[in-house]
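Next come the chains, spelled out residue by residue.
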Amino acid sequence: MGGFLVQILNGLQYGLLLFLISSGLTLIFGVMGVINLAHGSLYMIGAYLTYVVAGATGEFWLALPAAVIGGLVLGAVLERILFQRFRHRDHLDQVLLTFALILLFEEARAALIDNQFHAVQVPPVLDFSVPVMGGFAYSAYRLVVLAICLAVAACMVAFVERTRLGASIRAAAENPEMVDLLGIDARLIHTLVFAAGTALAMLAGALAAPLQSVYPGMGDGFLILSFIVVVIGGLGSIAGAFWAALLVGLIDTLGKVYVPQLAGIAVCGLMALVLLWRPTGLFSRA
Amino acid sequence: MTRLTPRGNLLLGLAALVLASMPFWAEPYHMQLASIALVAAMFALSLQILVGAAGLVSLAQAGFFGIGAYTVYLFGGRVSIFISLPGSLFAAAVAAAAIGPLVLRTRGFYFLMASLAFGQMLFFLFHDTSLGGGADGVFITRPTMIWPVSRSARPAVFLLLNLASLSLMYLGLWWLMGTMFGHALAGIKINEDRMRALGHDVQRLKLAAFILSGALAGLAGHMAAVTDAFVSPELLDWHHSAEALLMILLGGIGALHGPILGAFALTLVREIGQSVTERQRLVEGVVILAAVLLLRRGLAGWRR
Amino acid sequence: MTPAILRARGLSRRFGGLIAVADVSLDLCTGHAHAVIGPNGAGKSTLINLLSGAAQPDEGTIHLNETEISRLSDWRRSRAGIGRSFQRANVFPAMTVLENARLAAQGAARGWRLLRGAESDPETLGQAFSALDQVGLKASATDLARTLSHGQRRLLEIALVLATRPKVLLLDEPLAGLGAEETAPIVALLQALAMDHAMLLVEHDMDVVFAVASEITVMVDGRVLESGAPSAIRASSAVRDAYLGHRA
């Protein structure tokens, strides 16, 4: 029973990391109508950045703000230079453009850092285990990651629900065409949303670095899962992304542990079931 | 999506003849390269039924390609190509018929993402389970042809086989796009809602296109397996699907023969790129960026 | 009047908190045009959507010749004989006029018939030309739809519906945005069409309504305010009040 609880916690923690990544993706879709296949690469960039910063300064905790700030800057730059121009292009162009970004990010990482697998140390202050149940213990760092993700999620919800800017973003996500009519500065919103989405993905990568190590393909799995989360949760819905991410995270984690051959298939199967029942996602307003 | 005039087809036919003559003057390496381009052309052409004809941008195509390829592996090499080829077509068609009704419940962005996820489901099927013989891929025994093919004759024989397959596929699709079915797909691409209002069974039309497209991707996969004698789960990965989209973009989304041009162009670019630098991803990334930013109508469009 | 071939009873549709259509009933008979008029937001377009199948009613029934079709999807209703035109011209701009009409004519084609040549199938061509002929666009057959004038595009809009050989015509503001000279031929067309079809006409231009319709239903805020012969509607004070500022 204790072992099972550990896996549940793992699943929730994975799901929350997935939420950080997917929330950015769903908002970017909802508000800007842009497909960003390179979103998984951002996660990888955040992880490698953490490796570099933690290695250079010896302090893991410095990597988190580095990832967030780096993400905000990178996202804003990408949005202004590229995505702003591509918003109105068709799917084919967007898919290929962001696919090219993946390749270029890979190449940049290879040139600036390397193509190797690296371990990142769990910060010593958290390098212990908390007893949970039946003789099992859970990594304290993982619990902290859980807490941080929940805190970020709560802040996101509070921001979107309580602030005026958040309301503008919500309006833009629900009704992109109306934004200009409502007198909201659409360009500002787009840059903000893209920057925030990028920062969230990189933060997820930073948090995950000590857990799964840093390697070139680490973003691939998350990319597919985050698309599944967005489809299940509904485009533009943060609440949808939250519950869908938890669900997908649990199924994927438990699947990999208990039925490894079917884990990937199971998650896609879940999406199939949802599409059968609700073709626009569980939480979408369509 | 436009079709070539009979005169345009004649030009393509001339190019095909040039390729067919390669066994007489070309080196084996170049014939192998031509085979790579031909298989890629079949793959991209199979997707054009969805993208160019009906306006459905799908990232699942590699899944059907891979099913066609792995069917050859699953046959075990004891069969004749006259069994393995229809077998691959059928297996891919069945998969498309199973996935189609689900993925076609979505439209627009959802369709793209749903197709991505279903394609990956097929990838996981061959990557994670024992069905595919392992995550690293397996060597396969080729199906038997009418008479045995010596090792030295292989490049020429496969070149001609692939050329024949592509030609048949292209001519078949050329005819299909002139039928009421082909025109209905064009109508769906322009104004799907109006098509419904005019009495078209749009869902069934899309499903028919999806199954046909999947089956033809399976055919391309079959030819890849026969040519390379090796299959791996990477064949089903979504990156491979994106490559098909790239070839369509390069050649021209608005023309039926665009994918053929795009496939040859991409194969050539890759070949040149490999001789220039080791940084293949950089080359490909830049090529894609250039194509998306500059080529508004693709190579086919330049002829106009 | 001949027996009604389309009967709608108690149709209601709400969008969230907004009541678009509430308890609307009407009959359409072959050989007669039934006009639906009312201020903007009265629910006229929603009514057409409910009848054509573009939207499903929350309550109420629709019968086509004794068969209930309330839950039938839009394309099935089209095949059953209910044709609908759109307020904003909803054609295929990149195709020629003839290709537009052919696409409409082949709507009901199914199965192996779909593999016949699109440009050579006699049945499809016949239906397409006949529809273009009826609206007077035969001469423009090879013009691209996007090069047509506004008036011609309205005609093409109607031709598309006619090409599906409907028994019922649901026309949503076919004269929207037309000047006086362009209006007259379309009015003549509508009068001719009304003789062979059961027509529902949503229009704002009262002259046209009184020239074409043999029965008028007035809708306000989703409900039927009054329904009856044109003379009765013209004389009704309730209708006049609803149309404040309109010269009856």
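Residues numbered from 1 in each chain as written. Chains lettered and ligands numbered in written order. Predicted model: local features only at pLDDT ≥ 70, side-chain atom pairs only at ≥ 80, totals over all residues.

A few words on the overall build of chain C. Across its full length, chain C carries 9 helices and 10 strands. In summary, chain C has a C-alpha radius of gyration of 18 Å against a globular reference of 18 Å for 248 residues, a match within 12%. Seen along its three principal axes, the alpha-carbon backbone of chain C occupies a region of about 55 × 40 × 35 Å. Expressed as a percentage of its 248 residues, the buried residues of chain C come to 46%. Expressed as a percentage of contacts within chain C between residues at least 6 apart in sequence, the contacts between residues at least 24 apart total 67%. (Helix = DSSP H or I, 4+ residues; strand = E, 2+ residues; numbered from the N terminus. Rg over C-alpha atoms; globule rule 2.2 N^0.38 Å. Buried ≥ 20, exposed ≤ 12 C-beta atoms within 10 Å, placed from the backbone. Contact = placed C-beta atoms within 7 Å.)

How large an interface is tends to be reported as the accessible area lost when its parts come together. Contact with chain A, which involves 31 residues of that partner, is made by 32 residues of chain B. For the side of chain A that touches chain B, the secondary structure elements donating two or more residues are helix H4 (91-112), helix H8 (218-233) and helix H10 (263-277) of chain A. A per-element tally of the side of chain A that touches chain B places H4 of chain A first, with 12 residues. The residue makeup of the side of chain A that touches chain B, split by class, is 24 nonpolar, 4 polar and 3 charged. (Nonpolar A, V, L, I, M, F, W, Y, C, P; charged D, E, K, R; others polar.)

To continue, consider the sheet that holds strand S1 (residues 4-15) of chain C. Residue and element names in this part refer to chain C. Judged by pairing direction, the sheet is antiparallel, and its 4 strands sit side by side in the order S2-S1-S4-S5 without closing on themselves. Edge positions in the sheet fall to strand S2 (18-29) and strand S5 (67-68), since each has one partner strand and no second. As paired elements, S1 and strand S4 (residues 59-64) share 5 bridges and run antiparallel to each other. The residue bridging Leu-6 from the neighbouring strand is Leu-64, located in S4. (Pairing = 2+ DSSP bridges.)

A word on the interface of chain B and chain C. Taken together, the contact pairs 18 residues of chain B with 25 residues of chain C. For the side of chain B that touches chain C, the element with the most residues is helix H8 (residues 180-197) of chain B, which contributes 11 residues. Its residues assigned to classes, the side of chain B that touches chain C shows 7 nonpolar, 8 polar and 3 charged.

Taking 1.5 Å per residue, 21 residues should reach 30 Å; helix H6 (residues 108-128) of chain B reaches 30 Å between its end C-alpha atoms and fits that length. Within H6 of chain B, 19 of the 21 residues are buried, which leaves the element mostly enclosed by the surrounding structure. (Expected span 1.5 Å × (residues − 1).)

Residues and elements named next belong to chain C. What the 6 strands build is an open sheet, ordered S6-S7-S8-S3-S9-S10; its pairing is mixed. Every other strand in the sheet has two partners, leaving strand S6 (82-84) and strand S10 (223-228) as the edge strands with one partner each. Between one strand axis and the next, the sheet turns by 15° as a mean value, whatever way the strands run. Across 3 bridges, S6 lies against strand S7 (residues 168-172) in parallel orientation. Of the residues in S7, the one forming a bridge with Ile-82 is Val-168. (Axes fitted to C-alpha atoms, helices over the stretch in contact; angles between N-to-C directions.)

The next subject is helix H12 (residues 280-294) of chain B. Residues and elements named next belong to chain B. Its 15 residues place the ends of H12 21 Å apart at the C-alpha level, agreeing with the 21 Å of an ideal helix rising 1.5 Å per residue. Restricting attention to buried positions, one finds in H12 the residues Glu-284, Gly-285, Ile-288, Ala-291 and Val-292. Along the axis of H12, the buried residues cluster in a sector spanning 130°; they form a single face. Pointing more than 90 degrees away from the buried face of H12 are the exposed residues Ala-290 and Leu-294. (Arc of directions from axis to C-beta.)

The subject of this paragraph is the confidence of the model for chain C. Confidence along chain C averages 90 in pLDDT terms, with 97% of residues attaining 70 or more. Two numbers describe this predicted complex: its pTM, 0.91, and its ipTM, 0.90. (pLDDT = per-residue confidence, 0-100.)

A separate point is the pairing of strand S8 (residues 198-202) of chain C. Residue and element names in this part refer to chain C. Of all 5 residues in S8, 5 are buried; the element is thus mostly enclosed. On S8, burial covers both faces: Ala-198, Leu-200 and Val-202 on one face and Met-199 and Leu-201 on the other are all buried. Two strands pair when backbone bridges link them, and strand S3 (residues 32-37) and S8 are joined in this way by 5 bridges, in the parallel orientation. Opposite Val-36, over in S8, you have Val-202 as the bridge partner.

On to the arrangement of the chains, then. Pairwise contact counts over the 2 pairs of chains in contact peak for chains A and B. Between chain A and chain C there is no contact, and the shortest C-alpha to C-alpha distance separating them is 11 Å.

The next thing to look at is the packing of helix H5 (residues 81-103) of chain B against H6 of chain B. If you want to describe how two helices pack, look at the angle between their axes and the distance between the axes. Residue and element names in this part refer to chain B. Here H5 crosses H6 at 145°, and the two axes come no closer than 10 Å. Considering only the axes of H5 and H6, their crossing is right-handed. Mapping the contact onto sequence places Ala-95, Ile-99 and Val-103 in H5 and Phe-111, Ala-114, Ser-115, Phe-118 and Leu-122 in H6. (Left-handed = near helix turned anticlockwise from the far one by under 90°.)

With that settled, the discussion passes to the nonpolar core. Among soluble globular proteins, nonpolar side chains are generally buried collectively. Counting 278 residues, the largest nonpolar core has Leu-96, Ile-228 and Met-271 of chain A, Ala-41 and Ala-117 of chain B together with Ala-101 and Ala-159 of chain C as its most contacted members. Look past the residues within four positions of Ala-159 of chain C in its chain and what remains in contact with it is Ala-101, Ala-131, Leu-132, Val-135 and Leu-137 of chain C. (Core = buried A, V, L, I, M, F, W, Y, C linked by C-beta atoms within 7 Å.)

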